[in-house]
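Geometric and topological summary
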Amino acid sequence: MSSSASEPGAEPAGGLPVVAPQLRALRRRASLTLEAAARAAGLSPAHLSRLETGQRQPSLPMLLALARVYGTTVSELLGETVADRDAVVRAADMEPTGAGGWTYWQAGAPGRGMQALRVHVPYGSQGDMVRVHPGEEWLYVLKGRLRLRLGDAAHQLGPGDSAHFDSLTPHRLAAQDRGGVDLLFVHTLLQSPTAALCLGPTTGDTP
């Protein structure tokens, strides 16, 4: 994968200033070199280095990949902390976070075996990249239409439709309409930081 500043899903530095030191600290906690962590997440070492120094900001798919590699959650990558893991998450407590053009809200407590998100995927978002990683994903379309690519098969999902698939199947999410698509999204977290090191890189192929 190219290490240029125009890599898919990248954004100029600016928002989420806490991400850079968190990424570096969590990689070191997982005892991973820059090269090993980048390979596991499908990034070039140069691009991961720019993320760790705050020169670039990660997209949501990048945050999800790095959370799996480091055996943690997106919340911890963003430096978010909670007093305890309540079973109930109130709508008023869901703060939106933007990454790679996507907007997401934590819909579950951090630090559990599954992570639940409410996600808005805008039309034409650069964060829509092909991904391959361990685990399972379940999504449910709330509003709009979703283009879902699973391996060689392309699907169009509307409100009320859902999908549940093995994340080792190459997959890509994209909004079908210009108004974007709203999803409920649940994925399992990679608990072992070394379990994904054999994976190949993500790509920016279109469905």
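What counts as what
- Residues numbered from 1 in each chain as written.
- Predicted model: local features only at pLDDT ≥ 70, side-chain atom pairs only at ≥ 80, totals over all residues.
- Heavy atoms only, no water.
- Buried < 20%, exposed > 50% of the residue type's maximum accessible area, 1.4 Å probe, protein only.
- Helix = DSSP H or I, 4+ residues; strand = E, 2+ residues; numbered from the N terminus.
- Axes fitted to C-alpha atoms, helices over the stretch in contact; angles between N-to-C directions.
- Parallel < 35°, antiparallel > 145°, perpendicular 65-115°, else oblique.
- Left-handed = near helix turned anticlockwise from the far one by under 90°.
- Contact = heavy atoms within 4.5 Å.
- Nonpolar A, V, L, I, M, F, W, Y, C, P; charged D, E, K, R; others polar.
- Salt bridge = Lys/Arg side-chain N within 4 Å of Asp/Glu carboxyl O.

Considering helix α4 (residues 60-69)
Since the α-helix packs 3.6 residues into each turn, any two residues three or four apart lie on the same face. Buried residues dominate α4, accounting for 10 of its 10 residues. Of the residues making up α4, those classed as buried are Leu60, Pro61, Met62, Leu63, Leu64, Ala65, Leu66, Ala67, Arg68 and Val69. A positive backbone phi angle near 65 degrees is found at Gly71, which sits one or two residues after α4.

Examining the packing of helix α2 (residues 34-41) against α4
The interhelical angle for the contact between α2 and α4, taken along N-to-C directions, is 120 degrees, at an axis separation of 9 Å. The orientation of α2 with respect to α4, classified from their angle, is oblique. Our pair here, α2 against α4, has a crossing hand that is right-handed. For the pair α2 and α4, the contacting residues are Ala37, Ala40 and Ala41 in the first and Ala65, Leu66 and Val69 in the second. In terms of residue class, the contact of α2 with α4 is made up of 6 nonpolar, no polar and no charged.

Quick notes on the pattern of salt bridges
Evaluated as defined, the whole model comprises 3 salt bridges. Between Glu137 and Arg68 there is a salt bridge, and its shortest N-O distance comes to 3.8 Å. Of this pair, Glu137 sits in strand β6 (residues 136-143) while Arg68 sits in helix α4; the two residues are 69 residues apart in sequence, bridging distant segments of the chain. The burial state of Glu137 is the same as that of Arg68; both residues are buried. The salt bridge partner of Arg145 is Asp177, with a shortest N-O separation of 2.6 Å. Linking Arg145 in the loop between β6 and β7 (146-150) with Asp177 in the loop between β10 (171-175) and β11 (181-188), this pair joins segments that are 32 residues apart in sequence.

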